Structure formats: C-alpha cells, structure tokens
Amino acid sequence: KAYEAFEKKEILHAYTFFFNSLMNNKNGISNNNIILTQEKESLKFIIYQGTAKINGFTTNKKLYAEVTMVKAKNANVALKRYTLERNYKFTYVNYCSDGDYIKLKLNLDNITMTPQKIFYPLRELALNADYDKEHMLSEFKQKELEDIGHIQKLDTAELHVKYKYLHKWIEELNTKIQTLPADDSIGMQAFLYLNFLFKIDYLLVPNSKIYQKMTKKLQNYFGEEETLPEVKNAELAKYILTLEKLDFNEFSQNFYKAKYTFSQIEKSSYDEFIGFIEKSLLKLRWYKKNRHPQIIPTIYSYIALYALYNYGLNPAARKLLHIYICVIYAEYLNALGCKGYYDMQKNQFLESDIISQIEETVSKYKHQYKLLRAFGDELDFSSLNDFSNSYFNALKNLDFHEA
C-alpha cells in the first residue's frame, strides 16, 4: 500500500502505511514503538530504538528526523572529534549542533520516494543513534544522556537473578576450563568462552558498558585472523574476569527496558544457517571421536546462541531456536519467572510443552512458509545431548522457502 501511495504521489498516506508496517504488534496490540500524529499538511512521528528517541516529520516535499544526543557544553574535545569522524562513515545521516545540543539528523527529499528509500536511512539513524548514545556513556564518561525518559529500569528482583546467574555461569565456566586436558584444549576453551559471552548477550540482555565492551571483544575475536587462538582466548578470559569483579550496583547500571523498531542484524538466508549447523556438527563429531565428551553440550548451545547473535533469521526460525534455549537453560528462565521446558531436579523433559510450542510456531507461520512442518515427533528425549542432536538435525531439514 505504501508503494502504491508513493506512486500516486499521496506522500502522507504512503508514510502512514510505511510506519504502520514497522509497528510492533502482538495479538493485534501495538507496544507504541512508533507514534504518529497526523496534521493538516504534515505527519509527525516518534520512533523508539533503545536509548534513541527519533523525533521527525514529513510533508509532501521532505522528511526530517533527529535524535538529541548530548548537551553541546558537556561534550569534550574527544567526543566532538568522534562525532566528526563518524560523519565520514554514514551514508544518509550526519551529526550537527544547534548550539544547545549535539544531534544526529536526517534530511530526505520526497520527490522520488519509495518505502525502500526511506527504510535504510531511518534504520541508519536509529541504529547509530542508539549505539552512539551508549558509546558516549561508556567511552567518553558522559554523565548524562539527553532524551532518554522513555527507557525503564529493571525490577531489582530481576537484576538479582541475572547477577546470581552471571556468577553461577562464571563458576561453571572456570570449573570446566580446569577439567580440560593440559595439551590440545585451545579449541575447547574457545567454545567455552564464546558460548559464555553469547549466553550473557541473549539471556541476560545487557546494555551500556557491558554490551559495548562485550561486542568489541567478540568483534576482535572473529576479526583478528592473524592473532594466535591462545592469545584470543586469554583476552576473553581477562574480560570475563572483569565481569566477575562487578559489584551489584555497577552491574545494575547496564540494564534497562526499551522499545526497538529496527533489527541490528542484516537478514540472512536459512541456507547460511544450515551450512553453519553442518560445520559445527562436524567439529562436534571430531571431539566425540577423540573422547572429549565434556565439550559436547557446550557446542550444541554454541550453535544456537551464535546463530541468534550473528544471523538475521526469520521470526519462525528464531522462535524455534528460542524453544531449544528454553530447554537447555530452563533453570535460569524459571528463576526469571519465564517458562523452561526441562525439569533439572528430575532430569526430565517437558515433552508435551516442547512439542506444542513447535506446533504452535509452525502453525503461526505456515501461511508464509507452505512447506514448513512440525518436527516434535522426530525428537529424541533420551538425554540432553540426544535431544540436541535430534533438534539440530530437524532444523537442518526445514524448508523456509516462501510461498
């Protein structure tokens, strides 16, 4: 509808359709990640993306949007230099100052506009404003960010659960590292350290300094091809030690609730994910064959968490991976008040819940992926390792080609 309206030069109607397509709806109810206000000759909008609140408007002729970042008088020379350098990296947006505030802004001409031509500029504005706000707080010692009244603190009880499990997982990690053979354990150490960080990202969902530092460590690990694996492992171990030393108050400052409109990850094809599963299972079989059973559960977890971190999978695939996470990390999710699908006390699967969740997910997306099928009856509930193996083999054989 937005495409058609743009072709007819019904610009404000086109933008209304476009913004409606980006709204987060659950059971027909919006979480107000986008707020629209129709005026006589313009359409005002607010878009939420983490710490960033994008204020903008569009008329028939142009679109303007901005995010207020920090007070200009509070910005030191290093921060100002950073914003100038960032301008060279942007395609559509740029930093500016109105004298009072440093802002990130977007100006577009509506003469030949299409939904695609507006999606990518707005996405660039939203993602970079959110990232840079946290970066300014983390790296430039900004005491206060502007226009963040929309983000909410987490409940103290929830923070205590997250803090407890951070330390529990660090203790488990250190114990597993000590059980590894003295020689030829570099690959296993890497799986343990990386899985731990991906687990922190997906299950604890940190923001601010933890998110910034952790993202940088992971980028360095996968980006520095010439660095020796043992040196990379040592860097990750050193960083994890800094997490262990955080007191509860400092830890708590890295969490908040916020609304998001744009995904940080570029879309990936499901075939890419299948290739990743196959490569990972080959490594897993090598460890099994060479009698290193202690690393097997970690590799299964790593497959799911790495994919959730790195691949822009479709919502159905992400949900199916989340169901798997709800099995292997059931204890943590239960502690948070969510639903886990494994009883740790009885070492027992909640089989009917797992199968019904898979069926519900497939049913929800069947109209889009006609060949998608439920696979609950193919799962092996003999043990966690057997379950994991059967789950990933089932995921490998799913058909996500759109109708």
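Residues numbered from 1 in each chain as written. Predicted model: local features only at pLDDT ≥ 70, side-chain atom pairs only at ≥ 80, totals over all residues. Heavy atoms only, no water.

A. Broad picture of the sheet that holds strand β4 (residues 43–49). Taking strand neighbours across the sheet as the criterion, the six strands line up as β3-β4-β5-β6-β8-β7 in an open arrangement whose pairing is antiparallel. Where the open sheet ends on each side, the last strands, each with one partner, are β3 (34–38) and β7 (94–97). On average, each strand axis in the sheet is tilted by 25° relative to the strand beside it, whichever way the strands run. Across four bridges, β7 lies against strand β8 (residues 101–109) in antiparallel orientation. Within β8, the position partnered with S97 by the bridge is I102. Here helix α3 (residues 77–87) sits on the sheet in contact with β6 (62–71), β7 and β8, set at roughly 140° to β7. (Pairing = 2+ DSSP bridges. Helix = DSSP H or I, 4+ residues; strand = E, 2+ residues; numbered from the N terminus. Axes fitted to C-alpha atoms, helices over the stretch in contact; angles between N-to-C directions. Contact = heavy atoms within 4.5 Å.)

B. Representation of the side chain of S208 within the structure. On the secondary structure map, S208 appears in helix α7 (residues 208–223). Residue classification places S208 among the buried positions, given a relative accessible area of 6%. Apart from the residues within four sequence positions on either side, S208 is in contact with E134, L137, Q253, N254 and Y256. (Buried < 20%, exposed > 50% of the residue type's maximum accessible area, 1.4 Å probe, protein only.)

C. Representation of the packing of aromatic side chains. Overall, the coordinates contain 44 aromatic pairs when judged by the stated rule. Seen from their ring centres, Y324 and F392 are 5.0 Å apart, and the 65° between their planes marks the pair as edge-to-face. In this pair, Y324 is assigned in helix α12 (residues 315–328) and F392 in helix α15 (residues 384–396), connecting sequence segments 68 residues apart. Neither Y324 nor F392 differs from the other in exposure class; each is buried. Lying over the aromatic face of Y221, K232 brings its terminal NZ or CZ to 5.0 Å of the ring centre. (Phe/Tyr/Trp six-rings, centres within 6.5 Å; stacked < 30°, edge-to-face > 60°. Lys NZ or Arg CZ within 6 Å of the ring centre and 35° of its normal.)

D. Representation of helix α14 (residues 351–365) within the structure. Counted at 1.5 Å a residue, the expected span for α14 with its 15 residues is 21 Å, and the 22 Å between its end C-alpha atoms agrees. Residues of α14 that are buried include every one of I354, Q357, I358, T361, V362 and Y365, and no others. Buried residues of α14, seen end-on, are gathered within an arc of 125° and therefore sit on one face of the element. α14 presents S352, E360, S363 and K364 as exposed residues on the side facing more than 90 degrees away from its buried surface. Lining the buried residues of α14 we find α12, β10 (348–349) and α15. (Expected span 1.5 Å × (residues − 1). Arc of directions from axis to C-beta.)

E. Representation of the environment of Y15. Of note, Y15 is situated in helix α2 (residues 11–21). Taking the C-alpha atoms as reference, Y15 lies 38 Å from L395; in sequence the two are 380 residues apart. Of note is the side chain of Y15, whose polar atom sits 2.7 Å from the side chain of N110. (Polar contact = N/O pair within 3.5 Å; in protein donor to acceptor, adjacent residues only side chain to side chain.)

F. Up close: the environment of Y48. Its place among the elements puts Y48 in strand β4. C-alpha separation for the pair Y48 and H150, spaced 102 residues apart in sequence, amounts to 8.4 Å. Ignoring any residue separated from it by four or fewer positions in sequence, one finds Y48 in contact with N32, N33, I35, K53, H150, K259, Y260 and T261.

G. Highlighting the state of the cysteines. All told, the structure shown has zero disulfides when counted by the stated rule. With no disulfide of its own, C326 has C338 as its nearest cysteine by sulfur position, at a separation of 7.7 Å. (Disulfide = S-S within 2.5 Å.)

H. Spatial organisation of the pairing of β4. Summarising burial for β4: five of the seven residues are buried, a large majority. Summarising the sheet, β3 and β4 pair through five bridges and their orientation is antiparallel. The residue of β4 that forms the bridge with T37 is K44. The sheet contact formed by β4 and strand β5 (residues 52–58) spans seven bridges and is antiparallel. Counterpart to I47 in the pairing with β5 is I54. Hairpin connection from β4 to β5: two residues lie between these consecutive antiparallel strands, with G50 at a positive phi of about 60°.

I. Geometry of the packing of helix α11 (residues 296–310) against α12. In the contact formed by α11 and α12, the axes pass within 10 Å of each other and the chain directions differ by 140°. Taken together, the axis directions place α11 and α12 in an arrangement best described as oblique. The hand of the α11/α12 crossing is left-handed. Here α11 contributes Y300, S301, A304, L305, A307 and L308 to the contact with α12, which in turn contributes R318, L321, Y324, I325 and I328. Classifying every residue of the contact of α11 with α12 gives nine nonpolar, one polar and one charged. (Parallel < 35°, antiparallel > 145°, perpendicular 65-115°, else oblique. Left-handed = near helix turned anticlockwise from the far one by under 90°. Nonpolar A, V, L, I, M, F, W, Y, C, P; charged D, E, K, R; others polar.)

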